[in-house]
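Analysis of the macromolecular model
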There are 2 protein chains.
Amino acid sequence: MVQKTYVTYNEVHKLCQASAEKILNEFQPNLMIAIGGGGYVPARILRSFLKRPGNPNIPIQAIGLSLYEQLPVASNTGPTTPAIEKDVEQMGTRVTRTQWLDLSSLSMSNLVGKNVLIVDEVDDTRTTLEYAVKELTKDVDEAAAKMGMPAGETKFGVFVLHNKNKEKKGKIPGNMVSEGRYMAAEEVGDVWICYPWEATDIDEHDRLAAEQKK
Amino acid sequence: MVQKTYVTYNEVHKLCQASAEKILNEFQPNLMIAIGGGGYVPARILRSFLKRPGNPNIPIQAIGLSLYEQLPVASNTGPTTPAIEKDVEQMGTRVTRTQWLDLSSLSMSNLVGKNVLIVDEVDDTRTTLEYAVKELTKDVDEAAAKMGMPAGETKFGVFVLHNKNKEKKGKIPGNMVSEGRYMAAEEVGDVWICYPWEATDIDEHDRLAAEQKK
């Protein structure tokens, strides 16, 4: 049975607060891109902590991505591996855009050469993050080419509340990690994280979170 | 001095929960439009409570609106009214889009004839809400015309955590109110609402909120 971990709102708030200094000092984002719905809450909280006196808020663009875990396709190969492993192996994943950057309000050229922080709540299989980083990089490189600028001038970073230490299906660029642009407020095992915004009884949720602390 | 009201995360959560039943029974939204950044948190929480077993999540589109309160313009008229009143009277407001619907992922035609719930944290001067309702209505009516359908088939609703009972600069359609499509989880006076996502010290914020309750 997968272990459940309960995270309270105030813990989410403090995870954002604790990461903000590192994000400000080491990454200095010009723009946040919140992956909805999970990235909405951390992105909004982070905005408060990234605000520097005398400077405007760091703008947030929201994108919507849905991850569909497809059913395994029927196979003609014999049962040489246990069915369950086969299923996992053959299980495809597909990311669908429900919202993308609005290019009537935001010119892609505004992103060229900037530091863009992609925000989500959890890095589970990394599939969604791979998609976001790849597609945004592609769009920005295209915009750069149109401006006669080289590709790769835009620095993408990632912030998640929790990174699950497990084998990842998705990949992010190696230099994103080596250059400290991948930032997880907390590293966790392959647990079931119960976020407060999913709680049907928030008092009970907090009680379970407190019990877990003991 | 303006009175400060402290709202905790769990209170925000419960305000969404308490409103969800009314929203589901009386409005039945097909789509939420979250006005960022303030609408992000309530929209995400609301999504959990609007989910019905066996049905998919109600999708959220995020839009970004910034409200600029312009400085009063210089006037040649004599000081027949106190300066302070004059200032308020002459103060203009301007709403700027930082993000709008992404028409590459979402066809406006998908909104025609649907129930669309606009979500924000607070209805203060109503200027932002007026802008959102007007502009979304305009876009949807245009889409309907292209489809050969009459205007006004899409029902817009509004959900805010707090409505401040004060004179409003912005107007929303009268039938939105009369038909119960304007929903505020809580009616408050013209107070300064401190939302938890703006707190630099969330424990102190909660302490002040608890003290206020006494």
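Our structure is the block above this text.
Being a predicted model, the structure only gives us computed values, none of them experimental.

**A few points about the overall build of chain A**
- Tallying secondary structure elements over chain A gives 6 helices and 8 strands in all.
- Seen in sequence order, chain A has helices and strands lined up from the N terminus as β-α-β-α-β-α-β-β-α-β-α-β-β-α.
- Taken over 214 residues, chain A has a buried fraction of 48%.
- A sequence separation of at least 24 residues applies to 82% of the contacts in chain A between residues at least 6 apart.
- Split by element, the accessible area of chain A, about 10,600 Å² in all, is 52% carbon and sulfur.

**Concerning the packing of aromatic side chains**
- As enumerated under the stated definition, the model contains 8 aromatic pairs over all chains in all.
- Ring centres 5.1 Å apart and planes at 5° place the aromatic pair Tyr195(A) and Trp197(A) in the stacked group.
- Ring geometry for Tyr9(B) against Trp197(B): centres 6.4 Å apart, planes inclined by 50°, an arrangement best described as tilted. Here Trp197(B) lies in the loop between strand E8 (192-194) and helix H6 (202-213) and Tyr9(B) lies in helix H1 (residues 9-27), a separation of 188 residues in the sequence.
- By relative accessible area, Tyr9(B) is classed as buried at 1%.
- One cation-aromatic arrangement involves Arg126(A) over Tyr182(A); the distance from NZ or CZ to the ring centre is 4.9 Å.

**Describing the relation of the copies chain A and chain B**
- Mapping chain A onto chain B calls for a screw motion: a turn of 180° about the axis and a shift of 0.0 Å along it, with 0.0 Å RMSD after fitting. Both copies of the chain, as the preceding transformation shows, are related through a two-fold rotation axis.

**A few points about the packing of helix H2 (residues 40-50) of chain A against helix H2 (residues 40-50) of chain B**
- Two elements in contact, H2(A) and H2(B), have axes whose closest approach is 8 Å; the angle formed by their N-to-C orientations is 160°. Relative to H2(B), the element H2(A) lies roughly antiparallel. The chirality of how H2(A) crosses H2(B) is left-handed. Facing Tyr40(A), Val41(A) and Arg44(A) of H2(A), the residues of H2(B) in contact are Tyr40(B), Val41(B) and Arg44(B).

**Describing the pairing of strand E2 (residues 31-36) of chain A**
Residue and element names in this part refer to chain A.
- Where burial is concerned, most of E2 is hidden: 6 out of the 6 residues are buried.
- Burial along E2 is two-sided: Leu31, Ile33 and Ile35 facing one way and Met32, Ala34 and Gly36 facing the other are all buried.
- Bridging between E2 and strand E5 (residues 115-123) involves 4 bridges; their strand directions are parallel. The residue bridging Ala34 from the neighbouring strand is Val119, located in E5.

**So, the interface of chain A and chain B**
- Taken together, the contacts link 33 residues of chain A with 33 residues of chain B.
- Taken together, both faces of the contact between chain A and chain B bury some 2,900 Å²; the carbon and sulfur share is 48%.
- Of all residues in chain A, Tyr9(A), Tyr40(A) and Arg44(A) give up the largest surface area on contact with chain B, accounting jointly for 22% of the area buried on that side.
- Taken together, the links from chain A to chain B amount to 4 salt bridges.

Thresholds applied
- Residues numbered from 1 in each chain as written.
- Chains lettered and ligands numbered in written order.
- Predicted model: local features only at pLDDT ≥ 70, side-chain atom pairs only at ≥ 80, totals over all residues.
- Heavy atoms only, no water.
- Helix = DSSP H or I, 4+ residues; strand = E, 2+ residues; numbered from the N terminus.
- Buried < 20%, exposed > 50% of the residue type's maximum accessible area, 1.4 Å probe, protein only.
- Contact = heavy atoms within 4.5 Å.
- Areas by Shrake-Rupley, 256 points an atom, 1.4 Å probe, with all protein chains shown as cover.
- Phe/Tyr/Trp six-rings, centres within 6.5 Å; stacked < 30°, edge-to-face > 60°.
- Lys NZ or Arg CZ within 6 Å of the ring centre and 35° of its normal.
- Least-squares fit on C-alpha atoms with pLDDT ≥ 70 in both.
- Axes fitted to C-alpha atoms, helices over the stretch in contact; angles between N-to-C directions.
- Parallel < 35°, antiparallel > 145°, perpendicular 65-115°, else oblique.
- Left-handed = near helix turned anticlockwise from the far one by under 90°.
- Pairing = 2+ DSSP bridges.
- Buried area = accessible area lost by both parts, 1.4 Å probe.
- Salt bridge = Lys/Arg side-chain N within 4 Å of Asp/Glu carboxyl O.

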